[in-house]
Amino acid sequence: MHTSFSHIKKLDGIPERQRVTETFGWQAGIYGILFIIAACVQAVLLKRSSMNESWIVFGCMAVLGLSLTGYEIWRRRNRAVLVKDGDDILVFRKGRLDMILEPDQVTRIKADSHTMIFLGAGLGVAAVIFIAVGILLILEDQSGNADAWIILFAGLCLLASLLSAVWTRFFCCHLRIPIRGSKWTEESVLIPASRYKELFS
């Protein structure tokens, strides 16, 4: 016998096993950390230079890094949670029931394979080049050139970005769901592929 959840207005009333929580890749966090570290290195270098251009570069990197990292934290604290309720899908946001959707209101998006291969190959090649150049520069300069370490770290970030993209492409499902109060706008919700059938069986 099916137990209806539509009368429950708070997520606390839904059993944990019934919740399909939105997931994410780590793109924003990866590049946010990269720019923050680059800004820290730039700040150290600023002690040796008074050029205004250096301060502008530092400011841009710091703002961008903090913005991306802040966005990563914010979206993980505000995940959507989907719950199957008979033939309907309940959407919870910030712990409260936001919408009740019929299955045909939710669209599964499949990424274009050619685009993914093109972007993946680009990230992979760039990661290999940056890592190789960074290692070579570090080996040549035993004193520890800051630029060489930044190049190496950038390569590792590109590699992490590639792995994140592969994970979201092959192990997650991309859903498009309506936004409450908007007839024309939808948003993307990423869920683990292993739990897709729980919602749309």
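Residues numbered from 1 in each chain as written. Predicted model: local features only at pLDDT ≥ 70, side-chain atom pairs only at ≥ 80, totals over all residues. Heavy atoms only, no water.

K.L.:
So what's going on with the nonpolar core? Residues and values would help.
P.N.:
If you look at the biggest cluster of nonpolar residues, it comprises 13 residues, and the most contacted ones within it are Leu82, Val91, Leu101, Ile177, Ile191 and Leu199. Going through the elements one at a time, strand E3 (88-93), strand E4 (96-101), strand E6 (172-178) and strand E7 (186-192) are the ones with two or more residues in this core. Not counting residues within four places of it along the chain, the set of residues in contact with Val91 comprises Val81, Leu82, Arg96, Leu97, Asp98, Met99, Leu101 and Ile177. Judged by nonpolar contacts, the second largest core, of nine residues, contains Ile8, Ile14, Val83 and Leu97. (Core = buried A, V, L, I, M, F, W, Y, C linked by side-chain atoms within 4.5 Å. Buried < 20%, exposed > 50% of the residue type's maximum accessible area, 1.4 Å probe, protein only. Helix = DSSP H or I, 4+ residues; strand = E, 2+ residues; numbered from the N terminus. Contact = heavy atoms within 4.5 Å.)

K.L.:
So what about helix H3 (residues 113-140)? Which residues, and what values?
P.N.:
Side chains three or four residues apart in an α-helix point the same way, a direct result of the helix having 3.6 residues per turn. Across its 28 residues, H3 extends 40 Å between first and last C-alpha, which sits within 8% of the 40 Å expected from 1.5 Å per residue. Listing the buried residues of H3 in full gives Gly120, Leu123, Gly124, Ala127, Ile131, Gly134 and Ile138. (Expected span 1.5 Å × (residues − 1).)

K.L.:
Break down the layout of surface pockets for me, with residues and values.
P.N.:
Roughly 240 Å³ of volume is contained in the largest pocket. Around the largest pocket sit Glu22, Phe24, Tyr71, Trp74, Arg75, Asn78, Ala80, Arg93, Lys94, Glu187, Ser188 and Val189, which together line it. Looking at the lining of the largest pocket, the elements with two or more residues in it are helix H2 (52-77) and E7. A per-class count over the lining of the largest pocket returns five nonpolar, two polar and five charged. Of the pockets and cavities examined, the second largest pocket occupies roughly 170 Å³. Around the second largest pocket, the lining residues are Ser113, Met116, Ile117, Leu119, Gly120, Leu123, Leu162, Ala165, Val166, Arg169 and Phe170. Contributions of two or more residues to the lining of the second largest pocket are made by H3 and helix H4 (146-170). In terms of residues, the lining of the second largest pocket owes the most to one element, H3, which gives six residues. Tallied by class, residues from the lining of the second largest pocket come to eight nonpolar, two polar and one charged. (1 Å grid on protein atoms, 1.4 Å probe; cavity = no way out; pocket = protein on both sides within 12 Å on 5 of 7 lines; lining within 4 Å. Points joined across faces, edges and corners; volume = space filled by probe spheres on them. Nonpolar A, V, L, I, M, F, W, Y, C, P; charged D, E, K, R; others polar.)

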